[in-house]
Structures are given as structure tokens and as C-alpha cells.
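# Coordinates in review
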Amino acid sequence: MFNKSRIEQFKHLPTPFYYYDMELLKETLDLIHTESSKYGYHVHYAVKANANPKIMKLVQSYGFGADCVSGNEVTRSLETGFSADKIVYAGVGKSDREILTALEAGIFCFNCESIPEIELINELAEQTNKTARIAIRINPNVDANTHHYITTGIEENKFGINRWEFDSVLETLEKSKNIKLEGLHFHIGSQITDTEVFKGLCIRVNEIQQWFNDRQIFVDHLNVGGGFGIDYDQPDVNPISDFVTYFGIFNQFLDLKPNQQLHFELGRSVVAQCGSLISKVLYIKNGAKTKFAILDAGMTELLRPALYQAYHKIENITSVETEEVYDVVGPICESSDSFGKAVSLPATKRNDLIALRSAGAYGETMASRYNLRDIAESIFSDELK
Ligand code: LLP
């Protein structure tokens with residue numbers, strides 16, 4: 001992925017930094033645009049995956065909407081050019097202030113996760129003389145077959161409204177004069193690589209929609225969330241996920257009513273592969289059984305391995321020596337600050353450059369200042385001469 005001249009440029013930049021391949025991002029966005037337009041689907045970009053303004057501006061230029069989970073994400077989306085009528089806003093803990101921000105902006109839809117939240121939005125909308133458009137976020141009890149930390153659509157999760165509460169939701173809506181129910185929303189988890197899971201979701205959504213239709217409740221849109229996974233093993237072979245199959249599944253299995261809109265909230269599959277975390281080797285240290293390659297990047301720049309035991313491909317992009325085995329770790333004072341155990345890399349020495357691949361999603365947005373670390377810079381391919 002990195003040609004020689006690019007690597008030469010990297011050598012002169014202060015590390016660690018996030019590197020974004022804007023050409024790859026454009027190719028990905030082109031395909032998502034083509035495939036979703038075929039069926040007239042609406043795509044909202046899940047800002048939580050990467051909220052870098054330059055990335056958001058590019059995504060926005062394709063006409064996509066934004067999927068937000070905080071008042072600040074709503075504000076950032078507006079600042080980067082997303083139009084309010086394409087913003088959806090989910091989250092189990094929306095504060096009064098955040099709801100007011102979104103009401104003031106006139107967003108497309110609140111994806112509501114509980115009855116007390118619907119009541120509060122109604123109250124704040126009444127106070128500000130507005131009508132809030134909402135979708136009920138429904139917990140469809142579909143297992144996404146992914147890491148349990150990023151599964152969201154089974155009954156034991158905190159997300160969404162469970163089936164046994166539907167009657168009470170309808171009673172609440174009946175009383176909520178400043179709320180307009182416009183949609184049903186679902187999101188079952190992230191990094192889903194088994195497309196059968198999405199088929200299962202479609203079938204469950206059809207059943208749930210039928211329940212509402214049987215009670216004479218018809219909604220303008222369905223929102224099936226995000227969750228489409230990427231290939232962390234082969235960022236070069238499969239840099240763009242198979243959106244043809246993905247959108248095709250919904251077209252084939254979801255019962256969309258005439259004139260009903262279908263919305264998606266894609267995060268990881270949009271931005272993961274265009275980003276890498278580039279880091280320098282500080283030391284090679286002999287351990288009891290292994291050799292450690294100690295990097296100047298750690299869990300503060302890429303939390304996923306420490307938090308979910310997630311795999312990111314690790315490459316030494318400056319060495320061509322014969323391979324040796326290393327535990328690749330960061331400098332943070334935590335044993336979980338490790339990017340990979342027993343990783344085969346070309347013989348590695350101080351100042352070699354290491355790329356941690358597929359770091360465009362949930363990399364920069366999950367960075368922290370733990371150990372009072374500096375926040376890493378972002379470097380964009382189209383700004384390097
Ligand atoms: N919609 C909702 C309501 C969500 O909660 C999420 C992600 C998305 C859309 C976007 O999902 P995606 O297309 O990116 O899978 N930090 C974790 C991932 C957490 C995902 C949270 N929700 C990770 O690094 O794997």
C-alpha cells in the first residue's frame with residue numbers, strides 16, 4: 001500500500017500519526033454511492049467512526065447524511081456541511097442540552113431508545129414550540145455474531161426498546177403531541193462479516209413492521225443501522241467491503257412498502273481501510289521468552305487491541321531483513337497496551353517505521369490523553385507532495 005516515496009516522506013514526519021489515503025476513501029465512497037443509489041437508499045455516515053473534519057467534509061460532499069450519538073457530533077456534522085435534514089441522532093443517554101441542540105438544528109430524526117426519553121423529547125419540543133420527528137430504536141433480539149463488546153441488538157443489551165414495551169410506547173406516543181413517529185430503527189452490532197446475519201435482521205424487521213401495521217401504524221422510513229464489517233487480515237487485498245452484496249441483501253429480503261425509505265448508518269466500512277497508524281520503533285528489548293518491539297504509539301492512539309483484543313495488521317515498512325518474531329507493544333503503563341503477540345516482522349530495529357493498518361475507524365475517535373500523551377496528528381495523502 002505504501003510506495004517508496006511515501007515511506008521516504010513518512011521518515012521526515014513526527015510520529016506517531018494517523019495517515020489517511022484519501023484516494024481509497026474516495027473509491028469507497030464512490031462505490032457506496034453507486035450501490036445505494038441503485039435502490040434509492042439513504043446512507044448516513046456514523047460520525048463516531050471518524051470525526052476528523054476533513055474526512056467528514058469529503059463524506060458529506062457525496063450527499064450522505066450523518067449518524068450522531070452526541071450533541072457535539074450533531075454540531076460537528078453541521079459545521080462540516082451535513083444538512084440538518086440528513087442528521088439522525090441515537091444514544092441511550094441523550095441529555096436535555098443535547099436534545100435541545102438537535103431540536104434547535106431541526107434534525108431529520110431522533111432515534112429514541114426508551115419511553116422516558118420520548119417523554120423528555122416531547123416536553124422539550126413543547127417548550128420550544130417544535131415537533132420532533134422520531135424513530136423508535138427497536139432491540140430486535142438478533143445476535144450479530146461479533147465480539148460481545150460490540151453486540152448491541154440482543155435483549156440483554158442496554159440499547160433500544162424491547163418488544164414487550166411496544167404497547168406502552170404506543171400509549172406514550174398517543175399522549176405526546178409534539179412528537180411525530182416517522183420510523184423504526186435497528187442496529188444490531190458492529191464488525192459483522194457474516195452476511196446471513198443481515199438476512200436474519202431483514203426477516204425480524206419484517207415481522208416487527210407487521211406488528212405495527214396490524215395496529216394501523218405506518219412509518220415513512222426504516223433504518224437498519226450499520227455494522228458492515230471489513231477484512232482486517234487483508235487491508236490491501238480487500239480494501240473495499242462488498243457493498244454490492246450488502247445492499248443487495250436488503251433489496252432482496254426486506255419488505256419495504258411503496259414510498260417507504262430505507263436508511264443505513266455506516267461507519268467502519270466507510271473509513272477503516274483508508275487509515276493507518278504510523279509509528280516508530282523506540283527500542284527492541286529482550287524479555288524472558290520473547291523480544292519486544294516497543295513503539296512510540298500505544299493504546300492511547302489505537303485502543304481497539306487493548307479493549308477488544310482486536311487484530312490490526314502490523315507491518316514494518318522500512319525493513320526488508322529476514323523475519324523474526326516480536327511482541328509489539330506500546331509505551332503506556334498498562335500490560336494490555338499490546339498490539340500483537342508473536343508477530344513475524346522483518347528484523348526490526350530502533351527507528352524503523354511500523355504501520356498499524358485498518359485504523360481509520362475507531363482509531364482517532366477513541367484516542368485518549370492517558371499518561372498525558374499528546375494527541376497524534378493526522379496526515380492526508382492529498383496533502384503530501
Ligand atoms: N449506528 C449505531 C446506532 C451504532 O451504534 C453504530 C456503532 C453504528 C451505526 C455504526 O456501526 P459500524 O458501521 O461502524 O459498525 N468502537 C468499536 C465499535 C463500536 C460501534 C458502536 N456503534 C470498535 O472499535 O470496534
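The rules behind these values
Residues numbered from 1 in each chain as written. Predicted model: local features only at pLDDT ≥ 70, side-chain atom pairs only at ≥ 80, totals over all residues. Near = placed C-beta within 6 Å. Helix = DSSP H or I, 4+ residues; strand = E, 2+ residues; numbered from the N terminus. Nonpolar A, V, L, I, M, F, W, Y, C, P; charged D, E, K, R; others polar. Core = buried A, V, L, I, M, F, W, Y, C linked by C-beta atoms within 7 Å. Buried ≥ 20, exposed ≤ 12 C-beta atoms within 10 Å, placed from the backbone. Domains from an automatic or database assignment. Contact = placed C-beta atoms within 7 Å. Pairing = 2+ DSSP bridges. Axes fitted to C-alpha atoms, helices over the stretch in contact; angles between N-to-C directions. Parallel < 35°, antiparallel > 145°, perpendicular 65-115°, else oblique. Left-handed = near helix turned anticlockwise from the far one by under 90°.

This paragraph deals with the site of the ligand. Taken together, 22 residues sit near the ligand, with Ala46, Ser190, Gly226, Gly267 and Tyr362 positioned nearest. Those elements that place two or more of their residues in the shell around the ligand are β9 (261-266), α10 (268-271) and α11 (304-308). Considering only residue class, the shell around the ligand consists of eight nonpolar, nine polar and five charged.

The biggest cluster of nonpolar side chains holds 95 residues, and the ones touching the most others in it are Ile87, Tyr89, Ile121, Ile134 and Leu201. Counting contributing residues per domain, this core is built from domain 1 (4-17 + 273-383) and domain 2 (22-272), each supplying no fewer than three. If sequence neighbours within four positions are ignored, Ile121 has contacts with Ile99, Phe110, Cys112, Ala132, Ile134 and Ile179.

On to the pairing of strand β13 (residues 323-329). Two strands pair when backbone bridges link them, and strand β11 (residues 291-295) and β13 are joined in this way by three bridges, in the parallel orientation. Within β13, the position partnered with Phe292 by the bridge is Asp327.

Attention shifts here to the domain arrangement of the chain. Looking at the chain, the domain boundaries give domain 1 (4-17 + 273-383) and domain 2 (22-272). Relative placement of domain 1 and domain 2: their C-alpha centres are 32 Å apart. Listed as interface residues are 18 residues of domain 1 and, on the opposing side, 23 residues of domain 2. Of the residues belonging to the side of domain 1 that touches domain 2, the class tally is six nonpolar, eight polar and four charged.

The contact between helix α6 (residues 115-127) and helix α7 (residues 166-175) brings their axes to 10 Å, and the two run at 10°. The orientation of α6 relative to α7 falls into the category roughly parallel. Between α6, through Ile115, Ile118 and Glu119, and α7, the contact on the second element is made entirely by Ser168, Val169 and Thr172. Residue composition of the contact of α6 with α7, by class: three nonpolar, two polar and one charged.

What follows concerns unusual backbone geometry. Here the residue pair Thr15 and Pro16 is connected by a cis peptide bond, since its omega of -5° sits within 30 degrees of zero. When you line up the elements, Pro16 lands in the loop between α1 (4-11) and β1 (17-20). Non-glycine residue Ala342 carries a positive phi angle of around 50°. When you line up the elements, Ala342 lands in strand β14 (residues 338-346).

Once that is clear, we can look at the sheet that holds strand β2 (residues 42-46). Sheet strands pair by backbone hydrogen bonding; their relative direction is either parallel or antiparallel. The eight strands are arranged β2-β3-β4-β5-β6-β7-β8-β9 in a closed barrel whose pairing can be described as parallel. Along the sheet, successive strands turn relative to each other by an average axial angle of 30°, direction set aside.

Relative to the helices and strands, Ile55 resides in helix α3 (residues 53-61). Taking the C-beta count within 10 Å as the criterion, Ile55 has 25 such neighbours and is therefore assigned buried. Dropping the residues within four chain positions of it, Ile55 is found in contact with Tyr20, Leu25, Asn50 and Val271.

This part covers the packing of helix α5 (residues 96-105) against α6. Between α5 and α6, whose axes approach to 10 Å, the crossing angle comes to 55°. Viewed along their axes, α5 and α6 adopt a mutual orientation that is oblique. Considering only the axes of α5 and α6, their crossing is right-handed. On α6, the residues that touch Asp96, Ile99, Leu100 and Leu103 of α5 are Leu120, Ile121, Leu124 and Ala125. Broken down by class, the residue content of the contact of α5 with α6 amounts to seven nonpolar, no polar and one charged.

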